[in-house]
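Geometric and topological summary
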Amino acid sequence: KFNVLIVGGGSTWTPGLLKSLANRKTQFPINRLVMLDTNAERQSVIGEYAKVLFKEEYPELDFHYTTDKEEAYRDDLDFVFCQIRTGGYAMREQDEKIPLSLGLIGQETCGPGGFSYGMRSIKDMAEIVENVRAKTDKAWILNYTNPAAIVAIAIQKLFPEDKRILNICDQPENLLRSYGRLLGGMSPRDFEPKYYGLNHFGWFTHLYDKDGKDYLPELEQMILSGGFRPADYEQRDKSWLETYAMVEQMVRDFPGYLPNTYLQYYLYPDKVLKKLNPEFTRANEVMAGREKRVFEECQRVAEAGTSQDSNVVANDAHGEFIIIVAESIAYNQGQTFIVILENNGIIENLPNDAMVEVPAALTIHGPKPFAVGKIPTFHKGLIEGQNAYEQLTVEAYLENSYEKALQALTLNRTVVSAQQARQVLDALIEANGDLFPEL
Ligand code: G6P
């Protein structure tokens, strides 16, 4: 039985994770589960919901939620799931609105918004790793804190010898789920995907099944003839429907590949910019929607004392996925997942220190990536520019360098103009105040 810590327990994604932990108690049995958050109020709403859920569905579990680091970081931890959001939704809103006010893409992980979020997150994420390692070298740290690309580079630079940190993003998995549904009910585990890139910046090149049949050409045709319409199409927020339309555009313009949805911001910044509302961004959509719904529902469940009639978890894919990742490691299953790793030759014609997103078999020894070989010039060129942006962002943080921050933003395809890069950088420095390093 495992001892598990969730850092960022007050997240609206947590109920899905908790429900999945209960659903998978046979496959992934837990002894002690602790949730830690710096925001006591958010954490207690989710924590009280969890108590009701576990009383009904996981009574043997030793569950605690706390804001006390001493209680959370212990020497008997096996897995730490990290999902923090430094600055909360208030700062996400700023990350999106400040660039938009200057005519640039406003998005939480891409462009200047991602830069800003990255600058805030590195310190907290590094502190979590230090806190865990002060107690144990044994625990696996599964990190899906955003912006994953920048956080992963920073963690790799700060803890280069640590072999038990795995940076992972759910978007390739979300896409595999969508593809599976489009194909009439295949699961992500039915695919042996070939994929390469950086986080939120990659392409599927093949989608084999266990017998070696490649489903990518079929999917491409489906998307070209009927649009990208996964089964959850009708339930998604408006902004996601626009994203799906952009997937269709990317497949049309660049045939032979299925792109990560986030590439839309880099490939069509002008077009996407026209669709983004500077007064009401994704942060506003989430605060008015998911945030409100999840907290109200968790409160209701806690008061009612039963979670049996609750629909708080509309989509638990996110939560279930990270548990299956942990199982693959813990039980040495070697299941294939798309994860973020230091390149070191996996993609032959990219720098060794790039943090690439590629398929790997997850084993008890850690991720065993599959060689990708050389990638085409178009993708290589795009990735090199984006990697340079990411590396300079992390160097700007570590060296307190305004110059490197300016270089980073100038390199970002959503910015390009050095003048606009300076404007947005200055505005982000001001808005973030003490949450930013000294630049
Ligand atoms: C996907 C991405 C994550 C991102 C999330 C944001 O799952 O892979 O990196 O955090 O979407 O979703 P939201 O609903 O908060 O905009």
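Turning our attention to the site of the ligand. Around the ligand sit 13 residues, and of these R92, N146, D170, R282 and R290 come closest. The side chain of N146 places a nitrogen or oxygen atom 2.8 Å from an oxygen atom of the ligand. In the environment of the ligand, an oxygen atom lies 2.7 Å from a nitrogen or oxygen atom belonging to the side chain of R290. A total of 3 residues in the shell around the ligand trace back to one element, the largest contributor, which is helix 12 (residues 282-304).

Glancing now at the side chain of T66. Along the chain, T66 falls in strand 3 (residues 62-66). A distance of 2.8 Å separates the side chain of T66 from the backbone nitrogen of D68, its partner in a polar contact. A polar contact of 3.1 Å, which involves the side chain of T66, links it to the side chain of E71. The residues touching T66, leaving out its near neighbours within four places in the chain, are V34, M35, L36, D37, Q43, E71 and A72.

Below, the discussion takes up the packing of aromatic side chains. In this structure the tally under the stated criterion is 19 aromatic pairs. Look at F191 and Y215: their rings are 6.2 Å apart centre to centre, the planes differ by 80 degrees, and that puts the pair in the edge-to-face class. Of the two residues, F191 sits in the loop between helix 7 (171-182) and strand 7 (192-198) while Y215 sits in the loop between strand 8 (201-208) and helix 8 (216-226), which places them 24 residues apart along the sequence. In this structure F191 comes out as buried when scored by relative accessible area, which is 2%. Residue classification places Y215 among the buried residues on the basis of a relative accessible area of 13%. Centre to centre, the rings of Y195 and F204 are 4.6 Å apart; their planes meet at 65 degrees, and the pair counts as edge-to-face. For Y195, a relative accessible area of 2% puts it in the buried group. Judged by relative accessible area, F204 falls into the buried class, the value being 0%. A network of ring pairs unites the aromatic residues Y179, Y195, F204, F228 and Y244 as a single cluster. If you follow R85 out to its NZ or CZ, it ends over the ring of Y89, 4.5 Å from the centre.

All right, on to the pairing of strand 10 (residues 335-342) then. Of all the 8 residues making up strand 10, 6 are buried; the element is thus mostly covered by neighbouring parts of the structure. Where strand 10 lies against strand 11 (residues 355-363), 8 bridges are found, and the strand directions are antiparallel. Counterpart to L341 in the pairing with strand 11 is V356.

The subject of this paragraph is the pairing of strand 4 (residues 79-82). By the alternation rule, side chains of strand 4 split into F79 and F81 and V80 and C82, which are all buried. Strand direction decides the pairing type here: strand 1 (residues 2-7) and strand 4, joined by 4 bridges, are parallel. Bridging across to strand 4, I6 finds its partner in F81. Note that strand 4 and strand 5 (residues 140-143) share 4 bridges and pair parallel. By the bridge assignment, F81 is partnered in strand 5 with L142.

What counts, and at which threshold
Residues numbered from 1 in each chain as written. Predicted model: local features only at pLDDT ≥ 70, side-chain atom pairs only at ≥ 80, totals over all residues. Heavy atoms only, no water. Near = heavy atom within 4 Å. Polar contact = N/O pair within 3.5 Å; in protein donor to acceptor, adjacent residues only side chain to side chain. Helix = DSSP H or I, 4+ residues; strand = E, 2+ residues; numbered from the N terminus. Contact = heavy atoms within 4.5 Å. Phe/Tyr/Trp six-rings, centres within 6.5 Å; stacked < 30°, edge-to-face > 60°. Buried < 20%, exposed > 50% of the residue type's maximum accessible area, 1.4 Å probe, protein only. Lys NZ or Arg CZ within 6 Å of the ring centre and 35° of its normal. Pairing = 2+ DSSP bridges.

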